[in-house]
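# Per-entry structural report
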Amino acid sequence: MQETSQNRSETENEFSIKLNPREIADKNFDTRLRGFDKDQVNEFLDDVIKDYENYIQEVDRLTRENQRLIRRADELSKQLTVAKQTGGMNKNSAVTNYDILKRISNLERKVFGLKLDNSD
């Protein structure tokens, strides 16, 4: 599985586009005696240009979305780290507070319990 993700990241880093929509639109072909119908070729190239522009827009949108999600994941990771650290502190302080309250309760029982017993 590591090879697949490694190959994918290498492919993504090497990704390049050879032609842009303007180069496709401006491309001129030599004419031959028995060449293709120019209208059909132009219509086909128009479709290719539209698809290419849509493809570029989608790549840009996905790139922005990917960057946004990476930033959000980083924020959540930082929040989780802080929450873990804070949670550990609160847990320790809760134990400390519980111990203090328990000691006070024991002292009150001893001090006030003896007074109550002496007054009877």
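Residues numbered from 1 in each chain as written. Predicted model: local features only at pLDDT ≥ 70, side-chain atom pairs only at ≥ 80, totals over all residues. Heavy atoms only, no water.

## So, the overall build of the protein chain
- Counting its secondary structure elements, the protein chain contains 3 helices and 0 strands.
- Moving toward the C terminus, one meets the helices and strands of the protein chain in the order α-α-α.
- Each of the 120 residues in the protein chain was classed as buried or not, and the buried ones make up 4%. (Helix = DSSP H or I, 4+ residues; strand = E, 2+ residues; numbered from the N terminus. Buried < 20%, exposed > 50% of the residue type's maximum accessible area, 1.4 Å probe, protein only.)

## Considering the packing of aromatic side chains
- As enumerated under the stated definition, the model contains 1 aromatic pair in all.
- Judged by centre distance (6.5 Å) and plane angle (50 degrees), the rings of Tyr52 and Tyr55 are tilted. Note that Tyr52 and Tyr55 are positioned in helix α3 (residues 38-119) at a spacing of 3 residues, about one turn of the helix. (Phe/Tyr/Trp six-rings, centres within 6.5 Å; stacked < 30°, edge-to-face > 60°.)

## A closer look at the layout of surface pockets
- Counted as a void, the largest pocket has a volume near 390 Å³.
- Lining the largest pocket are 17 residues, and of these Phe29, Asp30, Lys38, Val41 and Asn42 sit closest to its centre.
- Those elements that place two or more of their residues in the lining of the largest pocket are α2 (21-26) and α3.
- It is α3 that contributes the most residues to the lining of the largest pocket, 6 residues altogether.
- Of the residues in the lining of the largest pocket, the class split is 7 nonpolar, 4 polar and 6 charged. (1 Å grid on protein atoms, 1.4 Å probe; cavity = no way out; pocket = protein on both sides within 12 Å on 5 of 7 lines; lining within 4 Å. Points joined across faces, edges and corners; volume = space filled by probe spheres on them. Nonpolar A, V, L, I, M, F, W, Y, C, P; charged D, E, K, R; others polar.)

## Here's the deal with the environment of Asp37
- Counting through the fold element by element, Asp37 comes out in the loop between α2 and α3.
- Polar side-chain contacts of Asp37 include one of 3.2 Å to the backbone nitrogen of Asp39. (Polar contact = N/O pair within 3.5 Å; in protein donor to acceptor, adjacent residues only side chain to side chain.)

## A word on the pattern of salt bridges
- This model, assessed by the stated rule, comprises 4 salt bridges.
- Put simply, Glu65 and Arg68 hold a salt bridge, and the shortest N to O gap is 2.8 Å. With Glu65 and Arg68 both in helix α3 and 3 residues apart, the pair spans about one turn of that helix. (Salt bridge = Lys/Arg side-chain N within 4 Å of Asp/Glu carboxyl O.)

## Digging into the environment of Lys18
- Here Lys18 is to be found in the loop between α1 (2-14) and α2.
- With near-sequence residues (within four places) excluded, Lys18 lies in contact with Glu23 and Tyr52. (Contact = heavy atoms within 4.5 Å.)

## Describing the confidence of the model for the protein chain
- The pLDDT averaged across the protein chain works out to 77; a share of 74% of its residues lies at or above 70.
- Of all helices and strands in the protein chain, the one with the weakest mean pLDDT is α1 (47), whereas α2 scores best (85).
- This stretch, residues 1-11, has a pLDDT under 50; its non-local contacts, to residues over four places away or in other chains, come to 0 contacts. (pLDDT = per-residue confidence, 0-100.)

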